[in-house]
Amino acid sequence: MNELLGIQLNNATTDLLSKSLDIRSQRHLAIVTNVANQDTPEYKATDLNFKEALKGAAPNREFIPMMQTNGAHFSSLLTPPSVAKYPVEIKKDSTRLDGNSVNPEQEMAKLAENNLMYNATVQILSGRFNNLMSAIKEGR
Amino acid sequence: MDLSQSFAISASGLDAEKTRLHIISNNLANVESTRTTEGGPYRRRDVIFRATPTTRGSFEEALVSNIKNTYLGVQVEKIVVDERPFKLVFQPQHPDANADGYVEYPNVNALEEMVNMMSALRSYEANVTALNATKNMALKTLEIGR
């Protein structure tokens, strides 16, 4: 039973969802930085390719979990993900005289999209936990 | 959490744009000021922005962003004085008129200031939107498992 619960809580989907949340929040940071620096001379816009970042952060098939020599040990999957540095793309070409490469309209669109995707991911993750809760409560 | 840094960066943007707006109102208010404490007519002022690590985040965040040169907030580095020549208006009856009857008026162009103000306002609004999005995300995160 204990094992079952462990599988439910720490399976690959939950792991992937939490990682994509992490990447979304990191991308949000990049966008917010661009918005704040839209009038800074010589500032270059940065962005994060979500797909690439997720590919890099996806659970490695050769991942070797930490050994549990005692039943009371926590699963190594429970340890928080390491602070992964996602590759950052820098937009070097600028059409402005001040050398700034931020496109405010594009940034606002990205902000909205990223925000929406973040909320969607949270909702899916929430749904998974709710399913589990429903099972625990025997469907009541 | 990364979101705290997002808050700090948006706040730095708001702060910088607000300072810019202050300077613009200062210029507009003094568009006709022929006398100042430092003598002579008022000189137009402008802000210089600079990308800088936010100090509100943790030490580690500041260190990392400083080294990697990513995710920098913005701050007003300095306020510069515009050295363009003053506007000369022929007004012999004016107490500040020179020997030829010309009065030196500030080198402020109201039109330029208005355009600058609109740009600053839009940037400020963009930062508010970004801040609201961050808040929305933070609140949504708290809903996990509810």
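Residues numbered from 1 in each chain as written. Chains lettered and ligands numbered in written order. Predicted model: local features only at pLDDT ≥ 70, side-chain atom pairs only at ≥ 80, totals over all residues. Heavy atoms only, no water.

Draft legend 1. Region of interest: the overall build of chain B. Helices and strands together make up the secondary structure of chain B, namely three helices and four strands. For chain B, the sequential pattern of α-helices and β-strands runs α-β-α-β-β-β-α. Burial status across chain B gives 36% buried among its 146 residues. Surface accessibility of chain B: about 8400 Å² in total, with carbon and sulfur atoms responsible for 55%. (Helix = DSSP H or I, 4+ residues; strand = E, 2+ residues; numbered from the N terminus. Buried < 20%, exposed > 50% of the residue type's maximum accessible area, 1.4 Å probe, protein only. Areas by Shrake-Rupley, 256 points an atom, 1.4 Å probe, with all protein chains shown as cover.)

Draft legend 2. Main features of a nonpolar patch on the surface. Residues and elements named next belong to chain B. Judged by side-chain polarity, Leu88, Phe90 and Tyr102 come together as a nonpolar surface patch covering roughly 320 Å² of accessible area. Within the element layout of this structure, Phe90 appears in strand S3 (residues 87-90). Taking relative accessible area as the criterion, Phe90 reaches 52% and is therefore assigned exposed. (Patch = residues over 30% accessible without salt bridge, like charges linked within 9 Å, V, L, I, M, F, W, Y side chains within 5 Å. Salt bridge = Lys/Arg side-chain N within 4 Å of Asp/Glu carboxyl O.)

Draft legend 3. Region of interest: the nonpolar core. Formed by 24 residues in total, the largest nonpolar core has its most connected members in Ile23, Leu48, Tyr86 and Leu111 of chain A together with Ile9 and Tyr71 of chain B. Residue assignment for this core shows that the elements contributing at least two residues are helix H2 (12-36) and helix H3 (50-57) of chain A together with helix H1 (2-29), strand S1 (45-52) and helix H3 (110-142) of chain B. Ranked by size, the runner-up nonpolar core spans eight residues in total, among them Leu21, Tyr118 and Val122 of chain A together with Leu3 of chain B. (Core = buried A, V, L, I, M, F, W, Y, C linked by side-chain atoms within 4.5 Å.)

Draft legend 4. Quick peek at the pattern of salt bridges. Under the criterion given, the structure shown has 23 salt bridges over all chains. When salt bridges with common partners are traced through the structure, they connect Arg44, Asp46, Asp82, Arg84, Glu112 and Glu113 of chain B into a single cluster.

Draft legend 5. View of the side chain of Thr121 of chain A. Mapped onto the elements of the fold, Thr121 of chain A is located in helix H4 (residues 104-136). Contacts of Thr121 of chain A, omitting those with residues within four sequence positions, involve Leu17, Ser20 and Leu21 of chain A. (Contact = heavy atoms within 4.5 Å.)

Draft legend 6. Representation of the packing of H4 of chain A against H3 of chain B in the model. Packing of H4 of chain A against H3 of chain B brings their axes to within 10 Å, and their N-to-C directions diverge by 5°. By the angle class used here, H4 of chain A and H3 of chain B are roughly parallel. Residues Met108, Leu111, Asn115, Tyr118, Asn119, Val122 and Gln123 of chain A of H4 of chain A touch H3 of chain B, and the partners they reach there are Ala126, Thr129, Ala130, Ala133, Asn136, Met137, Lys140 and Thr141 of chain B. (Axes fitted to C-alpha atoms, helices over the stretch in contact; angles between N-to-C directions. Parallel < 35°, antiparallel > 145°, perpendicular 65-115°, else oblique.)

Draft legend 7. Spotlight on the packing of aromatic side chains. Evaluation of the coordinates by the stated rule reveals one aromatic pair over all chains. Here Arg24 of chain A stacks its cationic end above the ring of Phe50 of chain A, 3.7 Å away from the centre of that ring. (Phe/Tyr/Trp six-rings, centres within 6.5 Å; stacked < 30°, edge-to-face > 60°. Lys NZ or Arg CZ within 6 Å of the ring centre and 35° of its normal.)

Draft legend 8. Spatial organisation of H3 of chain B. Its 33 residues place the ends of H3 of chain B 48 Å apart at the C-alpha level, agreeing with the 48 Å of an ideal helix rising 1.5 Å per residue. Along H3 of chain B, the residues classified as buried are Glu113, Asn116, Ala120, Ser123, Ala126, Asn127, Ala130, Ala133, Thr134, Met137, Ala138 and Lys140 of chain B. The elements touched by buried residues of H3 of chain B are H2 and H4 of chain A together with H1 and S1 of chain B. Residue Asn109 of chain B occupies the N-cap position of H3 of chain B, its side-chain oxygen lying 3.2 Å from the main-chain nitrogen of Leu111 of chain B. (Expected span 1.5 Å × (residues − 1). Polar contact = N/O pair within 3.5 Å; in protein donor to acceptor, adjacent residues only side chain to side chain.)

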